[in-house]
Structure formats: structure tokens, C-alpha cells
Amino acid sequence: MIDIPSIIQGYAHGNFLMADESEQLGWYSSNERTLIPLDHRFRYPKSLQRVLNKNTFSVAINQDFLGVCQGCAHRETTWISSELIDIYIELNRAGWAYSFETWQNDQLAGGILGIVIRGAFIGESMFFNIPNASKVAMVKLVEHLRSQKFVLFDAQMQNPHLERFGSYIISNKGYMKLLSKALDTQCNFLPSKELVNKEISL
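Reading the values: the criteria
- Residues numbered from 1 in each chain as written.
- Predicted model: local features only at pLDDT ≥ 70, side-chain atom pairs only at ≥ 80, totals over all residues.
- Heavy atoms only, no water.
- 1 Å grid on protein atoms, 1.4 Å probe; cavity = no way out; pocket = protein on both sides within 12 Å on 5 of 7 lines; lining within 4 Å.
- Points joined across faces, edges and corners; volume = space filled by probe spheres on them.
- Helix = DSSP H or I, 4+ residues; strand = E, 2+ residues; numbered from the N terminus.
- Nonpolar A, V, L, I, M, F, W, Y, C, P; charged D, E, K, R; others polar.
- Buried < 20%, exposed > 50% of the residue type's maximum accessible area, 1.4 Å probe, protein only.
- Contact = heavy atoms within 4.5 Å.
- Axes fitted to C-alpha atoms, helices over the stretch in contact; angles between N-to-C directions.
- Parallel < 35°, antiparallel > 145°, perpendicular 65-115°, else oblique.
- Phe/Tyr/Trp six-rings, centres within 6.5 Å; stacked < 30°, edge-to-face > 60°.
- Lys NZ or Arg CZ within 6 Å of the ring centre and 35° of its normal.

Asker: Which residues make up the layout of surface pockets, and what values do they have?
Answerer: Estimated volume of the largest pocket: approximately 580 Å³. As for the largest pocket, its lining consists of 28 residues, and the residues nearest its centre are Arg75, Glu124, Ser125, Met126 and Asn159. For the lining of the largest pocket, the secondary structure elements donating two or more residues are helix 3 (65-73), strand 7 (120-128), helix 5 (133-147), strand 8 (152-156) and helix 6 (160-163). In the lining of the largest pocket, the residues fall into 13 nonpolar, 12 polar and three charged.

Structure (C-alpha cells):
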């Protein structure tokens, strides 16, 4: 049985779940974290603006959560095991995990998988089936998080793709301070629903 409160508590303490090469699931932490800025520091390539102007993709939340999980896991080397997907599904059912998706007509084009705890969006992974789909998802997700007054967009680990959006590295001490602020900020990822104050044992 999946212990959802303990898992949320783990993320609220700055840890994250990963599976190793033998698909053994464990908790990990890092001396530094990568954040996506939610202020003026967020940026993206000019070429992506042309894609955005074409309105090639539509966006949705949780329209195909399992499809996003599978898309994120479908790569040569993955830390998202089948056991972790099962956990994500249960977190989604309980209102903690979400998929922010881009669609082209009736096809899932790309998406970002994340866990939401109050004012923190903890990005777990992203993928695309169609070029530029995950990039558009990133821009639209930041717009959404801004509109919902989120404090933190945690991308966990730096890479060249994230750097193009202005991602930056923060020390674990700085991260925990910002995470604490986010956990004190009541936000709702779904704008159509009233705020629900979920209890977290910290």
C-alpha cells in the first residue's frame, strides 16, 4: 500500500524519489537544486516565440496523466520505474500530482509531470512527442504558476535545455528557505476549484 502522507512529507522536506539502474526506489537529496524563475528572469528563445504565435498547441491539465508519466519514462536511461509511475498515479488521484500537457489536435504532443504542495511546483520530468511541445508546455506552465501565485518551481537538476529558460542553481540551504516560504503559501494548481487546505506534517 502506498503511504501518500509519508511521500508528501518527504518532498516537503526537500527530498525526491528516484529509481536506480536496478529499478530500486529510494529517496535522494542534493547539495544544490535547479529552479525555474517565476519572475522577470524567466526567458526563452526568440524562435520559440514564433511557435507560440502560431498557436500550434493547446494546453490541458490531467487530460492524459498516465500518458505523460509513460512519455517521461520512455527513454534509454530512466529513473522513472513502473513502481514510481504507480506512486504518481496515486498522488494524482489524491490531488498532489499533476500533468501539464500540450496537445496537437487529438494527439498528446508533450508535457511536464510535477508534484504540487501548496505554493511549490516540484517538476519531476518532461517529454515531447512533437518538436517544441515540451518547450511550449514550459512557457505556458510558468504563465499558469504566475497566475496562481506560486512561489517555487523546482526543476531539481540543471541541464542545457533548462538553461535556455533562465534556470538557475541554488544551494540546498537557500532552497529549503524558499521551500518553507512556498509551503506557507496556499495555492491551487487547478484555477476552477476552491482552495483546499491539505494537512502536511512537517
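Asker: How would you summarise the environment of Phe65 if you had to cite specific residues and measurements?
Answerer: Structurally, Phe65 is set in helix 3. Among the residues examined, Phe65 registers a relative accessible area of 7% and is labelled buried. In this structure, the C-alpha to C-alpha distance between Phe65 and Glu101, residues 36 residues apart in sequence, is 8.6 Å. Dropping the residues within four chain positions of it, Phe65 is found in contact with Tyr88, Ile89, Asn92, Ala97, Tyr98, Ser99, Glu101 and Leu113.

Asker: Go over the packing of helix 2 (residues 46-53) against helix 5 with me, naming the residues and quoting the values.
Answerer: At a closest axis distance of 10 Å, the pairing of helix 2 and helix 5 adopts a crossing angle of 85°. In this view, helix 2 runs roughly perpendicular relative to helix 5, as classed from their interaxial angle. Taking contact as the criterion, the partners of Leu48, Val51 and Leu52 in helix 2 are, on helix 5, Lys135, Val136, Val139 and Lys140. The residue makeup of the contact of helix 2 with helix 5, split by class, is five nonpolar, no polar and two charged.

Asker: An account of the packing of aromatic side chains is needed here, citing residue identities and associated values.
Answerer: Tallied over the full model, the rule gives eight aromatic pairs. Ring centres of Phe121 and Phe189 lie 5.6 Å apart, and the angle between their planes is 25°; on these two criteria the pair is classed as stacked. Placement of the pair is Phe121 in strand 7 and Phe189 in the segment after helix 7 (172-183), with a sequence separation of 68 residues. One exposure class covers both Phe121 and Phe189, and it is buried. Joined through ring pairs, the aromatic side chains of Tyr98, Phe100, Phe121, Phe150, Phe153 and Phe189 make up one cluster. Cation over ring: Arg33 sits above Tyr175, and NZ or CZ is 4.3 Å from the ring centre.

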